Amino acid sequence: MITVASLTRAQLGERLAGPGIHLRTGRFTTLLRSPIGGVADGIHLLYGDYPLHEGFADFHLDLVRPATLRRWLRPQVSLLYDGRSMFKPLPLDQAFPMFEWGLNWCVSSRANRYLIVHAAVVEKGGRAAILPAPPGSGKSTLCAALVGRGGWRLLSDELTLLRLDDGMLHPLPRPISLKNASIGVIRDYVPGSVMSRAVTDTVKGTVAHVRAPADSVARAVETALPAWVVFPRFEAGAAITAEPMPRAETFMQLAQNCFNYSLLGAEGFTALVGLVERSQGYRFRYGVLDEALAFFDSLPAVS
Amino acid sequence: MKHDRLAPLLAGALRVPEELPALDEAGWDLLLRQAGAANLLATLACLLEERGLLDRIAGPAREQLDWARVLARRHRQGVLWEVRLIRQALAEPGLPLILLKGAAYTVTGLPSAHGRLYSDIDVLVPEERLGETEAALMLAGWAGTHHDAYDQRYYREWMHELPPMRHLRRLSMIDVHHAILPKTAAMRPDPALLRAAAVPVPGMPGLHVLAPVDMVLHSAVHLFSDGEFNNALRDLFDIHRLLCHFGNDRRFWVELLPRARRLELERPLFYALRYGAMFLGTPVPEAVRAEVAGPSPGLLVLMDGLFRRALLPDHASCGDRFSPLARFLLYLRGNWLRMPPLLLARHLFHKAFLSPRKSGPEAA
């Protein structure tokens, strides 16, 4: 199997600027092309373990510099989905984050054989914990700590894919997106974590991406059984609390975090009921990562 | 299936889906992108499903088709629900309701509905009851979208429809028509004739759709008199499927041409039959083909050059260097057909120089 790491940075840059690479993440293949150095840097740094595939691509993405007069003053980057621009251009510096967001958009707006929850999902011993959360609740920080130091496997930091036919969680291990203060927190808490250059002034503030653990990438076809749904909330200095949630409330909160719940109709409802029946929900507040990790290791098995 | 820029993979796929299981991965990659650009991905999926071929499609391509089928299923549910609510809104004041195009195909379960995705529901009501219809829809939560005074005048004085209405909560769109062509157009098919021939929808009291011949003619005039070709191949495929479906009945072919003449729509019918046959192999009886009047041979050469490009998906793999020009000329032609030259000049001037200063994205 050929991986991105088999190419030098220079070769990767050439391939990206020319025919592109068929980058395989989980079960999706993206034909990515871009002459922008920041994109090649990000791919080289964070996607070394990912296979390169030939032939069919699920998504065709180009990151290009729009040919407007503005390019001389304030250079920009545009994301093209099969030749069409789907979003407003961003400052050129945000090219790599734009790839990450664009790929999330591709999956969440198209892959309708899964119920897709906006949530991180990690696994240990075959059982998975889902961490849904609105932005700013400390979901990604917790996720990065769990997979960086807690011995959990990363299924995904953003998109929990629930297979409609068997209720299993399908991995989509990709870089973990950290924002603002979390960047420093994880840099200190997970020594040796590989992180992309922090990009400032994005719509989400300052962002940086952490490389997914090699083991999680290697196990990208191994599904997991849902067992816990933990709604995290970070509060500086707060003592840890974990309040079990009634099933109905877990259901409603999860549904609100789904991208395609109403699109899937009855099928989505049934899948989500199955997930909630198999899982225990918690409303979880934490202030210290060590304590949070200890809580996750103490999660009782659900039958 | 070889790839020719003016006869793309997608046209062949719609014509002979039976050959698709033999397509390789690179072929699927291109075909699905062309289908996506043409808004025909779900249609392609449904076509394969109807023929029992889905299981024979290569894994990753099959999965993309499955994604699209989910959209089509949800779309159908959504349309049936909206139609029910529109019907409810208009039932109490006793307003007649005829559905046009996509929504008509969906409620009658025509093959043209399978996998067809569209963004608004088109209805036809008598012009003298337009005000009542608008009021009833507003009471049920739909509101007009174009608030600019010029746009209001454009729609209400010159067009064949009200400014599009959007539901305040569900965001669904309705286009309320009182005719199928603008008041300013040279061709004036009498809407009273269309309404008189409309047929009830079984199981949905009070709901009507156009008669089969009228449905085809409306679809043809919409495609070949408009200047927008974003969904052109989809619309041509609609006509193809309508003709294949209704064409089983011999009376349909007997009625089609006389009806086209009566409604002054023979020219669009000519184009529909010609390009349907050219791209999709639409079966047309020889007698009809020989009788229907087209443009002069010289003009036909020009129109072939334009339509053969504009009917293709707007995708990098389709068309040639003349395609953008063809689309632009047909855009001008579409406006020309909609309005007399002076009015058109004024309208295009307003849209080009005056509207952008005030509004922007909602321009008509």
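Scroll up a little and you will see the structure.
Residues numbered from 1 in each chain as written. Chains lettered and ligands numbered in written order. Predicted model: local features only at pLDDT ≥ 70, side-chain atom pairs only at ≥ 80, totals over all residues. Heavy atoms only, no water.

### A look at the overall build of chain B
When its secondary structure is counted, chain B shows 16 helices and seven strands. Relative to its length of 364 residues, chain B is compact, with a C-alpha radius of gyration of 20 Å against a globular reference of 21 Å. The buried share of chain B, reckoned over its 364 residues, is 56%. When contacts within chain B are restricted to residue pairs at least 6 apart in sequence, long-range pairs at least 24 apart make up 69% of them. (Helix = DSSP H or I, 4+ residues; strand = E, 2+ residues; numbered from the N terminus. Rg over C-alpha atoms; globule rule 2.2 N^0.38 Å. Buried < 20%, exposed > 50% of the residue type's maximum accessible area, 1.4 Å probe, protein only. Contact = heavy atoms within 4.5 Å.)

### Thoughts on the overall build of chain A
Across its full length, chain A holds 11 helices and 17 strands. Here the C-alpha atoms of chain A give a radius of gyration of 19 Å, agreeing with the 19 Å that 2.2 N^0.38 yields for 303 residues. Taking all 303 residues of chain A together, the buried fraction comes to 56%. Residue pairs in contact within chain A that sit at least 24 positions apart in sequence constitute 70% of those at least 6 positions apart. Of the accessible surface of chain A, which amounts to about 12,500 Å², a share of 57% is contributed by carbon and sulfur atoms. In chain A, the 31 positive side-chain charges and the 26 negative ones have mean positions that sit 5 Å from each other. (Areas by Shrake-Rupley, 256 points an atom, 1.4 Å probe, with all protein chains shown as cover. Lys, Arg positive; Asp, Glu negative; His and termini not counted. Charge placed at Lys NZ, Arg CZ, Asp CG, Glu CD.)

### Description of the packing of helix α5 (residues 139-148) of chain A against helix α6 (residues 181-189) of chain A
A pair of packed helices is characterised by two quantities: the angle between their axes and the separation of those axes. All names here are of chain A. Across the interface, α5 lies against α6 with an axial gap of 10 Å and an inter-helix angle of 10°. One element, α5, and the other, α6, form an angle in the roughly parallel class. Residues Thr141, Ala144 and Ala145 of α5 pack against Ser182, Val185, Ile186 and Tyr189 of α6. (Axes fitted to C-alpha atoms, helices over the stretch in contact; angles between N-to-C directions. Parallel < 35°, antiparallel > 145°, perpendicular 65-115°, else oblique.)

### Observations concerning the nonpolar core
Ranked by internal contacts, the top residues of the largest apolar core, which has 117 residues, are B:Trp28, B:Leu44, B:Leu99 and B:Tyr275. Of the residues forming this core, the biggest block, 10 residues, is contributed by helix α4 (residues 59-91) of chain B. Excluding anything up to four places from it in sequence, B:Leu44 contacts B:Ala13, B:Leu14, B:Leu20, B:Trp28, B:Leu31, B:Leu32, B:Ala35 and B:Leu65. With 75 residues, the next largest nonpolar core counts A:Leu103, A:Leu146, A:Leu178 and A:Tyr189 among its residues. (Core = buried A, V, L, I, M, F, W, Y, C linked by side-chain atoms within 4.5 Å.)

### Section: the interface of chain A and chain B
The interface is formed by 21 residues belonging to chain A together with 19 residues belonging to chain B. Contact between chain A and chain B buries roughly 1,800 Å² in total, counting both sides, with carbon and sulfur atoms accounting for 51%. For the pair chain A and chain B, the interface holds three salt bridges. Across the pair A:Arg27 and B:Glu63 runs a salt bridge whose closest N-O atoms are separated by 3.4 Å. The interface formed by chain A and chain B includes 13 residue pairs in polar contact (both at pLDDT 80 or more). Of all the elements in the fold, those that place two or more residues in the side of chain A that touches chain B are β3 (59-64) and α9 (261-264) of chain A. Broken down by element, the side of chain A that touches chain B gets its largest block of residues, three residues, from α9(A). Looking at the side of chain A that touches chain B residue by residue, the class counts come to eight nonpolar, five polar and eight charged. (Buried area = accessible area lost by both parts, 1.4 Å probe. Salt bridge = Lys/Arg side-chain N within 4 Å of Asp/Glu carboxyl O. Polar contact = N/O pair within 3.5 Å; in protein donor to acceptor, adjacent residues only side chain to side chain. Nonpolar A, V, L, I, M, F, W, Y, C, P; charged D, E, K, R; others polar.)

### A word on the pairing of strand β1 (residues 97-100) of chain B
Residues and elements named next belong to chain B. Across the two faces of β1 the burial is the same, with Leu97 and Leu99 and Ile98 and Leu100 all buried. Bridge count for β1 against strand β7 (residues 207-209) is three bridges, and the pairing is parallel. In the strand pairing of β7, Ile98 is matched with His208. Examined bridge by bridge, β1 and strand β2 (residues 120-124) share three bridges and lie antiparallel to one another. (Pairing = 2+ DSSP bridges.)

### Describing the side chain of A:Thr30
Residue and element names in this part refer to chain A. Note that Thr30 resides in strand β2 (residues 28-33). Of the residues examined, Thr30 reaches a relative accessible area of 1% and is grouped as buried. Once residues lying within four places of it in the same chain are set aside, the contact partners of Thr30 are Ile21, His22, Leu23, Ala57, Phe59, Leu61 and Leu103.

### Looking at the packing of aromatic side chains
All names here are of chain A. Tallied over the entire structure, the rule returns 31 aromatic pairs over all chains. Consider the rings of Phe96 and Phe99, whose centres lie 6.1 Å apart with planes at 40°: the pair is tilted. Of this pair, Phe96 and Phe99 both sit in helix α4 (residues 95-110), three residues apart, which is roughly one turn of the helix. Each of the two residues, Phe96 as well as Phe99, counts as buried. (Phe/Tyr/Trp six-rings, centres within 6.5 Å; stacked < 30°, edge-to-face > 60°.)

### Focus: the pattern of salt bridges
Residue and element names in this part refer to chain A. Going through the model one piece at a time under the given rule, you end up with 39 salt bridges over all chains. Between Glu123 and Arg219 there is a salt bridge whose closest N-O contact spans 3.7 Å. With Glu123 in strand β7 (residues 114-124) and Arg219 in the loop between α7 (214-218) and β15 (225-234), this residue pair connects regions lying 96 residues apart in the sequence. A relative accessible area of 5% means that Glu123 is categorised as buried.

### Description of the sheet that holds strand β12 (residues 176-179) of chain A
All names here are of chain A. Sheet architecture is open: three strands sit in the order β12-β14-β13, paired in antiparallel fashion. The open sheet has two edge strands, β12 and β13 (199-202), and neither has a second partner. Recorded for the sheet is a direction-independent mean angle of 35° between the axes of neighbouring strands. Here four bridges tie β12 to strand β14 (residues 205-210), and the two strands are oriented antiparallel to one another. Paired with Ile176 across the strands is Val210, a residue of β14. Running at roughly 70° to β14, α4 makes contact with β13 and β14 of the sheet.

### So, the environment of B:His350
All names here are of chain B. Note on placement: His350 falls in helix α16 (residues 341-358). For His350, a relative accessible area of 14% gives the class buried. In the structure, His350 is positioned 200 residues away from Tyr150 in sequence and 8.7 Å away in space, judged by C-alpha atoms.

### Let's talk about α6(A)
Residue and element names in this part refer to chain A. Considered for burial, the residues of α6 that qualify are Ser182, Ile183, Ile186 and Tyr189. Down the axis of α6, the buried side of the element spans an arc of 145°, and every buried residue falls inside it. Facing away from the buried side of α6, by more than 90 degrees, are the exposed residues Ala181 and Asp188. (Arc of directions from axis to C-beta.)

### With respect to unusual backbone geometry
Residues and elements named next belong to chain A. Not every positive phi belongs to a glycine, and Asp82 is a case in point at roughly 45°. One can find Asp82 in the loop between β4 (76-81) and β5 (84-85). Residue classification places Asp82 among the buried positions, given a relative accessible area of 16%. Of note, Asn180 is a non-glycine position whose phi angle comes to about 50°, a positive value.

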